[in-house]
Amino acid sequence: MDPSPARISPLEQALHAARALVLADLASGEVAAADVVSLVEESVTQRRWWVEQWPDGVAFVAGLVAQDVQDALLERHGRWPICPVCGSGDPHALEVEPELGPDPHWVCHRAGVKVAAVGSLGPASGRAS
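Residues numbered from 1 in each chain as written. Predicted model: local features only at pLDDT ≥ 70, side-chain atom pairs only at ≥ 80, totals over all residues. Heavy atoms only, no water.

A short note on the packing of aromatic side chains
What counts, and what does not: Pairing of aromatic rings covers Phe, Tyr and Trp, the last through its six-membered ring, and needs centres within 6.5 Å; plane angles under 30 degrees mean stacked, over 60 mean edge-to-face, and all others mean tilted. Exposure categories follow from relative accessible area, calculated using a 1.4 Å probe and restricted to protein chains: below 20% of the type maximum is buried, above 50% is exposed, and the middle band is partly exposed. Geometrically, a lysine NZ or arginine CZ counts as sitting over a ring once it is within 6 Å of the ring centre and also within 35 degrees of the ring normal.
Applying the stated criterion across every chain yields a total of three aromatic pairs. An angle of 80° between the planes, with centres 5.2 Å apart, marks the rings of Trp50 and Trp54 as edge-to-face. Trp54 gets classed as partly exposed once you look at its relative accessible area, which sits at 37%. Aromatic ring contacts, followed pair by pair, group Trp50, Trp54 and Phe60 into a single cluster. The aromatic ring of Trp50 is capped on one face by Arg47, whose charged end is 5.4 Å from the ring centroid.

Structure follows, in structure tokens:
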């Protein structure tokens, strides 16, 4: 038996981190019901395959999982996350930027501001994550 600790691949590290970040944002908005968590798991499974095909995309996984979950929620439950910056007008969802890049953030295009890094919506909206 090998006494050295098992090493987690960079892909698995990125997938676990993406899952944790998106779940933190969902929980901060009290949206982390079991069916929604299942959407996160579906996205992680799909993105695992995607990164296996394109290993250089590992740095983009968190933003892609966030976008996947946002799209799935729109189809099933409505817009998420709702912008905490704009206090008037129609409620609108934040968007992930960059669409395909590292260091993803939730952005309000109406106000033209970065609201929070993916995984940090709780503090940005005044809620604990």
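A word on the side chain of Ser28
Short version of the rule: Helix and strand labels come from DSSP, where a helix needs a run of H or I of at least four residues and a strand needs a run of E of at least two; each type is numbered from the N terminus. In the analysis that follows, any N or O atom pair within 3.5 Å is treated as a polar contact, provided that within protein one partner can donate a hydrogen and the other can accept it, and provided that, for residues neighboring in sequence, both atoms belong to side chains.
Looking at where Ser28 falls in the secondary structure, it is placed in helix H1 (residues 10-28). Overall, Ser28 belongs to the buried group, its relative accessible area being 4%. Within polar-contact distance, the side chain of Ser28 engages the backbone oxygen of Asp25 at 2.8 Å.

Points about the nonpolar core
Just so we agree on the cut-off: We define a nonpolar core as any set of buried Ala, Val, Leu, Ile, Met, Phe, Trp, Tyr and Cys residues linked to one another through side-chain atoms lying within 4.5 Å.
Counting residues in each nonpolar core, the largest one holds 27 residues, and the members touching the most others are Val22, Leu26, Val65, Val69 and Trp106. If one sorts the elements of this core by residue count, helix H3 (residues 61-76) sits on top with seven residues.

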